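# A structural walkthrough
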Amino acid sequence: MKIRIFPTIVFILFVIIFILFFKGLKNSNIYVPKANINKEIPSFKAKLFESSEEISSEEIFKEDKFYLMNIWSSWCVPCREEHNFLENLSTEKNLDLIGLNYKDDNESAKNFLKKLGNPYDIIFLDPKGIIAIDWGAYGVPETYLIKNNMIVKKIIGPLNKNLVLEIKEIIR
Amino acid sequence: MRYLRYILLSFFLFNFNSSYAQQNDLEIKITKNLRCLVCQGQSVYDSDTEFANSLKILVRKKLDEGLSEKQIYIYLKDRYGEWILFDPEFGKNTYFLWLMPVLFFVIGGLVIFKLFIIRKN
Amino acid sequence: MASLIGFYSLVFGACSSLMIIFFSLKNFKNSEKLSQKIIPLTFLQFFLVFISFLGLIFSFVYSDFSNETVFNHSHTTKPLFYKISGTWGNHEGSLLLWLLVLTSFIFLFVLRSHKQPIQYRLLTIIFQEVIIIGFFVFLIKTSSPFNYLYPIPEEGLGLNPILQDPALAIHPPILYLGYVGTSIIFSSALSATSVNYISKEWAKHIKMWVLTSWFFLTLGILLGSIWAYYELGWGGFWFWDPVENVSLMPWFALTTLIHCILVLEKRSQLTSWAIILSITTFTLSMSGTFLVRSGILNSVHTFASDPERGLFILIFLFSLIFLSLFIFFFFHKHDNNKKNSFFLFSKETSILINNWFMMYFLSVVLVGTIYPIFLDVIASEKISIGPPFYHKLIVPFLIPFLLVMAIGPKLKWIKSDLLDKLNLIIFFAISVLLSIFIIKNLDVEFLTNSILLSFIFYLFFVTVRDFFIGRLNNLSQNIAHFGFSLFLLSIIFNNMLSTEVITNLKVGDTFQSEKFKIYFENLDQKKEKNFKSLIGKFVIENSEGDTQIMKPELRIYNQPNIVTSEAYIKTNLFSDKFMTMNYVQNQEYLNIRYQIKPLMIWIWISVVIIALGGLISVIKNNEN
């Protein structure tokens, strides 16, 4: 009897390991940080894009409406692709578009907006990328939907048609 | 008198230098323990991506503000999850991680001493 | 054309495998002597795979972009050497390499095993063919290197320039000779278990294969590390990255097996353990293949990931595992009369202790590599496991390990009085004093470093002394253990004495520190066949006034469009000077990293010495 127990245990152990690996295959291995949804937005100060005046986050997000904050740079290729969707969203009445210009050179950023259009109501600068980290972002582009100083939705990567529809649904 | 001023100045600089060196060591230690999220597998210290460089600046800033190593980790874990730390802290998720090899070692030792009766001369 | 031949050759190869199984089974029933058909068939099988492999090489060399693999991984402007090495630098091609080694090894096995029992030989062939057929199916169904593309593209997508390096070019073939070589050990162990042939004779016979496999695996891992050091630009050579761990684990198992086989050969004991180790080694190799190709792991250098392929390997792997478990539990007759009893002071015990520690090290690496996967499945939590984990768990255990490694070889089989006691104690005292003296003069953490260094020195002195006393019957072990002590010595000194400077410089800037000065003289541009390069000229002057010129490079490749940073490394016997240069977004200055790394080359040399120990044993055994 003793001889039979040990092999059975080993057998079951390997079956469990197999199942774990099998399930592991299904999971994506590209890590996406927790969505930070329903978290309060960070409090920060930044220089404005146009004027170099300083502005605080409280001033930017002060009203009781929806805000869409988009992290972008002139050197970021997917940002060009999503720009049309941003232009589309800028026409929404109860949504303000806020731009975070990430680690960018002012001249290039101005040219970028001149060529592709400026959908943002307010743009502020994050020359060192620290504010983006405070938001939990790690790349460009990333977009946050905000209401009442809380993060409602976080989008990693460029916007697309489906995401725009989702956003429009939420803000209605 | 002039010499005194120079001596004081160099004393200051020397101290500043050594405390700067210590701060630097801590900064290096922290950034080596942080995972660069946009590159697979590199530490923030080793990586040159935008994200890594911003993180380095952030760590520097937080250290200057007086945050401890642990507080900086909490700040980052809050935003990015456990994944950003290379050294898995001993918490409910990692009991088995640290214990399993040690358990293995102990079991191995027991097996050897039990199955292979070892006698002294 | 070459691809067409390659494809059909592969298909015919698969057919020949089926034939081999058929004739082996037939021969098994009437096994007075080996059927005449077996040897030619195994040769045919190998030859067909070889032709297939050649077909792929030619497709790469002639840039035949109608072949999907060539299209994905090559480019007309790629230098010839890298066109050829591109053959195995991708998923499909590397699997074909697996098949090549699998089939060549079984052919060699059949040739070299003529003194062995026939049933054992046939069964080994059958088990190996099971593995081979699995790979044929995997290759043809999910990862064919001969998929046809239409319309035929004009140009390929190009191989990653980081992979265009001589060390990396020969790293897979050498590594696979080791990795895949463990398949024979697996098949042989299963076969021997089934016919009750686990014995002294089997141990003697399989030893050659174990040593050969081990030799190539050691060198293969070394080449991978050298490549990482020279190419990846971080100045490190081991990152505990999952792909690296996956090559290290079979190495641990194989080293353990070498030691275990010694006991089996000399004393006919540890039979069950030898079988388990043989199974484990190949299982780890296969698991490694699974982990890096399925997309389940996150790493710097995984192959293109594909869960479908991952599923196939997973099922294949576990089928082999369950098969081996079945055979082990069903067929292995444990000789209960013979109790394995060892004296405390004996060579067997010290080998047993070695096995114990090696398995522990293996478990650390295994747990560290796989745990994140399991945690994600069970608790949906993602954590990272990096160097600190491995160092904390491995380094303390090195200390008793080194002690046993020094003393063990001096013990006799069965029972031994510890001769030489006085000398050993003296050496120990010298090691401790020397370590304390050295560490005290360095600005590093005292306790752990001095303890560790004492034991490393101890192994070093003992092995050196043994070498000069001239006990040549143990030469291979002596050299291998000496190599290991040298390896740890180089690493610990490299760790303690390395310095690094990171700074931002524009052309004309100077960086000044107490010990040296770096002057950024100029920036030069050059155009090569498939890239443009930016070369920075830096003049480094140390406190004695000696100058050195370092020229790190930034390369801008046209296909694929990426920028790589090429470290400039000046190597000599005493230390490496290591410098990299990187763009900083939107700034004129460049980020410069300068490292001084003492004894770097000794890390490589010591691993070669370890491998040499194995080679000597192979040669000696061959003479017998």
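Residues numbered from 1 in each chain as written. Chains lettered and ligands numbered in written order. Predicted model: local features only at pLDDT ≥ 70, side-chain atom pairs only at ≥ 80, totals over all residues.

What follows covers the overall build of chain A. Across its full length, chain A carries six helices and seven strands. For chain A, the sequential pattern of α-helices and β-strands runs α-β-β-α-β-α-β-α-β-α-β-β-α. Taken over C-alpha atoms, the radius of gyration comes to 22 Å for chain A, far larger than the 16 Å a tight globule of 172 residues would show. Expressed as a percentage of its 172 residues, the buried residues of chain A come to 33%. (Helix = DSSP H or I, 4+ residues; strand = E, 2+ residues; numbered from the N terminus. Rg over C-alpha atoms; globule rule 2.2 N^0.38 Å. Buried ≥ 20, exposed ≤ 12 C-beta atoms within 10 Å, placed from the backbone.)

With that settled, the discussion passes to the packing of helix H13 (residues 347-379) of chain C against helix H14 (residues 387-407) of chain C. All names here are of chain C. Running from amino to carboxyl end, H13 crosses H14 at an angle of 170 degrees, the nearest separation of the two axes being 10 Å. The orientation of H13 relative to H14 falls into the category roughly antiparallel. In this structure, H13 crosses over H14, and the sense of that crossing is left-handed. Residues Ser 350, Ile 353, Asn 354, Phe 357, Tyr 360, Phe 361, Val 364, Val 365 and Gly 368 of H13 form the contact with H14, whose own contacting residues are Phe 389, Tyr 390, Leu 393, Ile 394, Phe 397, Phe 401, Val 404 and Ile 407. For the contact of H13 with H14, the class distribution of residues is 14 nonpolar, three polar and no charged. (Axes fitted to C-alpha atoms, helices over the stretch in contact; angles between N-to-C directions. Parallel < 35°, antiparallel > 145°, perpendicular 65-115°, else oblique. Left-handed = near helix turned anticlockwise from the far one by under 90°. Contact = placed C-beta atoms within 7 Å. Nonpolar A, V, L, I, M, F, W, Y, C, P; charged D, E, K, R; others polar.)

Our focus in this paragraph is the nonpolar core. All names here are of chain C. Of all hydrophobic cores here, the largest spans 216 residues; its most connected members are Leu 99, Leu 102, Val 210 and Met 249. When near neighbours in sequence (up to four residues on either side) are disregarded, Val 210 contacts Ile 185, Leu 254, Leu 257, Ile 258 and Ile 261. Formed by 13 residues, the second largest nonpolar core is a distinct cluster that contains Met 550, Met 579, Met 581 and Ile 592. (Core = buried A, V, L, I, M, F, W, Y, C linked by C-beta atoms within 7 Å.)

What follows covers unusual backbone geometry. With omega at -5 degrees, the peptide bond leading from Val140(A) into Pro141(A) counts as cis. Residue placement: Pro141(A) occurs in the loop between helix H5 (130-134) and strand S6 (142-147). A cis amide bond links Tyr150(C) with the next residue in sequence, Pro151(C), at an omega value of 0 degrees. Topologically, Pro151(C) is positioned in the loop between helix H6 (118-142) and helix H7 (166-179). With a phi close to 50 degrees, Asn148(A) is a non-glycine residue in the positive phi region. One can find Asn148(A) in the loop between S6 and strand S7 (150-156). At Ser268(C), a position not held by glycine, the phi torsion is positive, near 55 degrees. Mapped onto the secondary structure, Ser268(C) falls in the loop between helix H10 (242-267) and helix H11 (271-293).

As a further point, take the sheet that holds strand S5 (residues 122-126) of chain A. All names here are of chain A. Taken in spatial order, the five strands line up as S5-S4-S3-S6-S7 in an open sheet, and their pairing is mixed. Each end of this open sheet is capped by a strand with a single partner; those strands are S5 and S7. Taken pair by pair, the neighbouring strands of this sheet meet at an average axis angle of 20 degrees, ignoring direction. Across six bridges, the pairing between strand S3 (residues 66-72) and S6 is antiparallel. Opposite Phe 66, over in S6, you have Lys 147 as the bridge partner. (Pairing = 2+ DSSP bridges.)

Moving on, we get to the pairing of S5(A). Residues and elements named next belong to chain A. Where strand S4 (residues 95-102) meets S5, five bridges bridge the pair, whose relative direction is parallel. Note on S5: the bridge partner recorded for Ile 98 is Ile 122. For the crossover from S4 across helix H4 (residues 106-116) to S5, the handedness is right-handed. (Right-handed = clockwise from strand over helix to strand, strands pointing away.)

Turning next to the domain arrangement of chain C. Residue and element names in this part refer to chain C. What the domain assignment reports for chain C is domain 1 (165-332 + 344-399) and domain 2 (400-494 + 605-612). Using C-alpha coordinates to define each centre, domain 1 is positioned 26 Å away from domain 2. With 19 residues of domain 1 at the contact, the number on the domain 2 side is 20 residues. Mapped onto the side of domain 1 that touches domain 2, the elements with two or more residues apiece are helix H9 (200-231), H10, H13 and H14. The dominant element in the side of domain 1 that touches domain 2, judged by the number of residues it contributes, is H13, at seven residues. Of the residues that constitute the side of domain 1 that touches domain 2, the class distribution is 11 nonpolar, four polar and four charged. (Domains from an automatic or database assignment.)

This part is about the interface of chain B and chain A. Counting residues at the interface gives 13 residues for chain B and 13 residues for chain A. Going through the elements one at a time, helix H2 (50-64) and helix H3 (69-80) of chain B are the ones with two or more residues in the side of chain B that touches chain A. In terms of residue count, the dominant contributor to the side of chain B that touches chain A is H2(B) (seven residues). Classifying every residue of the side of chain B that touches chain A gives eight nonpolar, two polar and three charged.

What follows deals with the sheet that holds strand S11 (residues 590-598) of chain C. Residues and elements named next belong to chain C. Here we have four strands laid out as an open sheet, ordered S2-S11-S10-S9, and antiparallel in their pairing. Looking at the sheet topology across the chains shown, the edges are occupied by strand S2 (499-505) and strand S9 (568-571). Each neighbouring strand pair of the sheet contributes to a mean axis angle of 10 degrees, computed without reference to strand direction. With four bridges connecting them, S9 and strand S10 (residues 575-583) associate as antiparallel partners. Within S10, the position partnered with Tyr 568 by the bridge is Met 579. On top of the sheet, helix H18 (residues 600-623) reaches S9, S10 and S11; it is set at about 115 degrees to S10, its chief contact.

Let us now look at the pairing of S3(A). All names here are of chain A. In terms of burial, S3 is a largely internal element, six of the seven residues being buried. As judged from the seven bridges shared by S3 and S4, these two strands associate in the parallel manner. If you follow Tyr 67 over to S4, its bridge partner there is Asp 96. In this view, the connection linking S3 to its parallel neighbour S4 by way of helix H3 (residues 77-90) has right-handed handedness.

Right, let's talk about H3(B) for a bit. Look at H3(B): 16 Å from first C-alpha to last across 12 residues, which is about the 16 Å you get at 1.5 Å a residue. Just past H3(B), the residue Gly81(B) takes up positive phi, approximately 85 degrees. (Expected span 1.5 Å × (residues − 1).)

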